[in-house]
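# Commentary on secondary and tertiary structure
Next come the chains, spelled out residue by residue.
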Amino acid sequence: MVELKQKVAAITLIICGLVGLEIQSNFVSTRTSFGKEEPYWINEACTTRADRHALSAASRVLVTGGAGFIGSSLMGALHEQFAPEVVVGLDNFNDYYSPAFKKARAHRLKKDFGRDVVAGDVCNGSLLEDLFKEHRFTHVVHLAAQAGVRYSLNHPLSYVKNNLECYVTLLEVVRKIDPESRPSLSYASSSSVYGRNKKIPFSEADAVTNPANLYGASKFMNEQIAAAFHHIYGLHSVGLRFFTVYGPWGRPDMAAFLFTRAIELGKPLTLYNKGEMRRDFTYVDDIVSGIIGSMQYCADAAAVFNLGNNQPVELMHFIQTIEKSLGTKATMKHKTSTAEIKETYADITKAQALLGYAPKTSIEDGMAKFIDWYQNEPRRHAFAGGHFNDRRR
Ligand SMILES: NC(=O)c1ccc[n+]([C@@H]2O[C@H](COP(=O)([O-])OP(=O)(O)OC[C@H]3O[C@@H](n4cnc5c(N)ncnc54)[C@H](O)[C@@H]3O)[C@@H](O)[C@H]2O)c1
């Protein structure tokens, strides 16, 4: 078993090295044609398989990470918008953050929409094969992953297992399906792939060669592996680089939940560099509409899109928005750090043009909805716990 894992890791690294060069040079070579400036994605338009991917009542969808924040929101939205024949989640309910929180999301999906989240691991290839045999999926959205940047410093192997081994296990199942009946495949990448990229806003055309942590590196490898699977097996896919997603039922390890809870409990917030930072916060419904766009998009290869908001928010404004909604003032501790990046946000022109992506939720409206959910959720303090607080090295 150990030997097999080492082989998978070695093959993955070789593929990533080779395909990385290929991807980067593709981006450069498609920037201009016949001396005229054109959008660098111009060659990604696809004309052959579009109808097959249109979502309808006949669709059969697998959402990995279905008990997660984005996965459960997506399952609910798919049910409401298309009433697909099958929408099934798969989730291992791990304890990175409260499994009770994940169970509550799955319970809600069952109660409100009659949809199930199967308890199981994406690394379990025979479970995946059984699910694919039973449901003959038309669309697969792979969101299951080990998320979190800080946790990757202390638990690197969780990223290798969940983000690489499980991902390749899923791709192996999908690529073996006859191309004529292969489902569309969208998967979660992350804005973290941009790492220490200096150019703002971040664009899919930027060379991403400055990883800042293992989480971002694992997501970039997902994109590279997707490109390799296209090169070898003709597998089409869409990678989605999400930029800080927030909203009701949001993760307890992220700023919206952490800051709101700290302010509610009168605990001080630690602010780096006087809070002089700007970030793209993207409301979950906007992200879900982008994912739905990607499920119906006919990628001509291994496409990658930014899904952000293109409207960076000052960190202090974000905190003031929470203070206003809660009616409580935050207390703050100040620290300096060279690790914090001053500004990050997404160029979303490509997703706007090809996925019909149009984020429309302001930080004020989105945070009001989050705080409304938070204040009316009696289990919020039980949901706040999890392994992500673990600082062991
Ligand atoms: N939320 C964000 O701001 C954000 C930003 C960038 C990228 N992403 C990516 O989007 C995806 C969804 O994020 P989220 O915020 O909903 O995270 P989440 O942690 O709430 O959801 C992920 C779910 O996957 C499950 N999971 C993890 N490993 C698994 C495995 N091996 N088998 C089965 N289930 C497994 C977890 O139990 C969890 O419920 C992730 O891939 C994440 O890396 C999220």
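Residues numbered from 1 in each chain as written. Predicted model: local features only at pLDDT ≥ 70, side-chain atom pairs only at ≥ 80, totals over all residues.

Per an unreviewed UniProt entry, the chain goes by NAD-dependent epimerase/dehydratase domain-containing protein and derives from Aureococcus anophagefferens. According to UniProt, the comment filed for the chain under the heading Sequence similarities (unreviewed entry) is "Belongs to the NAD(P)-dependent epimerase/dehydratase family." (UniProt positions renumbered as here; feature names shortened; annotations may be inferred.)

Let us now look at the overall build of the chain. When its secondary structure is counted, the chain shows 13 helices and 16 strands. Burial status across the chain gives 44% buried among its 393 residues. Taking the contacts inside the chain whose residues are at least 6 apart along the sequence as the reference set, 83% of them involve residues at least 24 apart. (Helix = DSSP H or I, 4+ residues; strand = E, 2+ residues; numbered from the N terminus. Buried ≥ 20, exposed ≤ 12 C-beta atoms within 10 Å, placed from the backbone. Contact = placed C-beta atoms within 7 Å.)

Of all the 5 residues making up strand β3 (residues 60–64), 4 are buried; the element is thus mostly covered by neighbouring parts of the structure. Bridge count for β3 against strand β4 (residues 86–91) is 5 bridges, and the pairing is parallel. Of the residues in β4, the one forming a bridge with L62 is V88. Handedness of the crossover joining β3 and β4 through helix α2 (residues 69–82): right-handed. One ladder, built from 4 bridges, connects β3 with strand β6 (residues 139–142); its direction is parallel. Its bridge partner being in β6, L62 is matched across the sheet by V140. (Pairing = 2+ DSSP bridges. Right-handed = clockwise from strand over helix to strand, strands pointing away.)

Let's shift gears to helix α6 (residues 156–175). With 20 residues, α6 extends 28 Å from end C-alpha to end C-alpha; this agrees with the ideal 28 Å at 1.5 Å per step. Of all the residues in α6, the buried ones are S158, Y159, N162, N163, L164, C166, Y167, V168, L170, L171 and V174. (Expected span 1.5 Å × (residues − 1).)

Time to look at the packing of α2 against helix α3 (residues 99–113). At a closest axis distance of 10 Å, the pairing of α2 and α3 adopts a crossing angle of 10°. Of the possible angle classes, the one that applies to α2 and α3 is roughly parallel. On α3, the residues that touch S72, M75, G76 and H79 of α2 are R105, L109 and F113. When grouped by side-chain class, the residues that make up the contact of α2 with α3 number 3 nonpolar, 3 polar and 1 charged. (Axes fitted to C-alpha atoms, helices over the stretch in contact; angles between N-to-C directions. Parallel < 35°, antiparallel > 145°, perpendicular 65-115°, else oblique. Nonpolar A, V, L, I, M, F, W, Y, C, P; charged D, E, K, R; others polar.)

What follows deals with the sheet that holds strand β14 (residues 313–314). Either a parallel or an antiparallel arrangement is found when strands of a sheet pair, and the pairing is made through backbone hydrogen bonds. Read across the sheet, 3 strands follow the order β14-β11-β16 without closing on themselves; strand pairing throughout is mixed. What marks the edges here is a single partner per strand, and that holds for β14 and β16 (343–344). Bridge count between strand β11 (residues 278–279) and β16: 2 bridges; the pairing is parallel. Across the sheet, R278 pairs through a bridge with E343, a residue of β16.

What follows deals with the packing of helix α10 (residues 315–326) against helix α12 (residues 363–375). At a minimum axis distance of 10 Å, the contact between α10 and α12 shows a crossing angle of 45°. Put simply, α10 runs oblique to α12. The handedness of the crossing between α10 and α12 comes out as right-handed. Between α10, through F318, T321, I322, S325 and L326, and α12, the contact on the second element is made entirely by I363, E364, M367, A368 and I371. For the contact of α10 with α12, the per-class residue count stands at 7 nonpolar, 2 polar and 1 charged. (Left-handed = near helix turned anticlockwise from the far one by under 90°.)

Around the ligand lies a shell of 29 residues, among which G65, G68, A144, A145 and A188 are the nearest. Looking at the shell around the ligand, the elements with two or more residues in it are α2, β4 and α6. When residues of the shell around the ligand are assigned to their parent elements, the largest contribution, 3 residues, is made by α2. Tallied by class, residues from the shell around the ligand come to 15 nonpolar, 10 polar and 4 charged. (Near = placed C-beta within 6 Å.)

Spatial strand order, β5-β4-β3-β6-β7-β8-β13: 7 strands in an open sheet with parallel pairing. Across the chains shown, the open sheet's two edge strands, defined by having one partner strand only, are β5 (117–119) and β13 (302–307). Taking the axes of each pair of neighbouring strands and ignoring which way they run, one obtains an average angle of 20° across the sheet. With 4 bridges joining them, β6 and strand β7 (residues 184–188) adopt parallel strand pairing. Bridging from a neighbouring strand, V140 pairs with L185 of β7.

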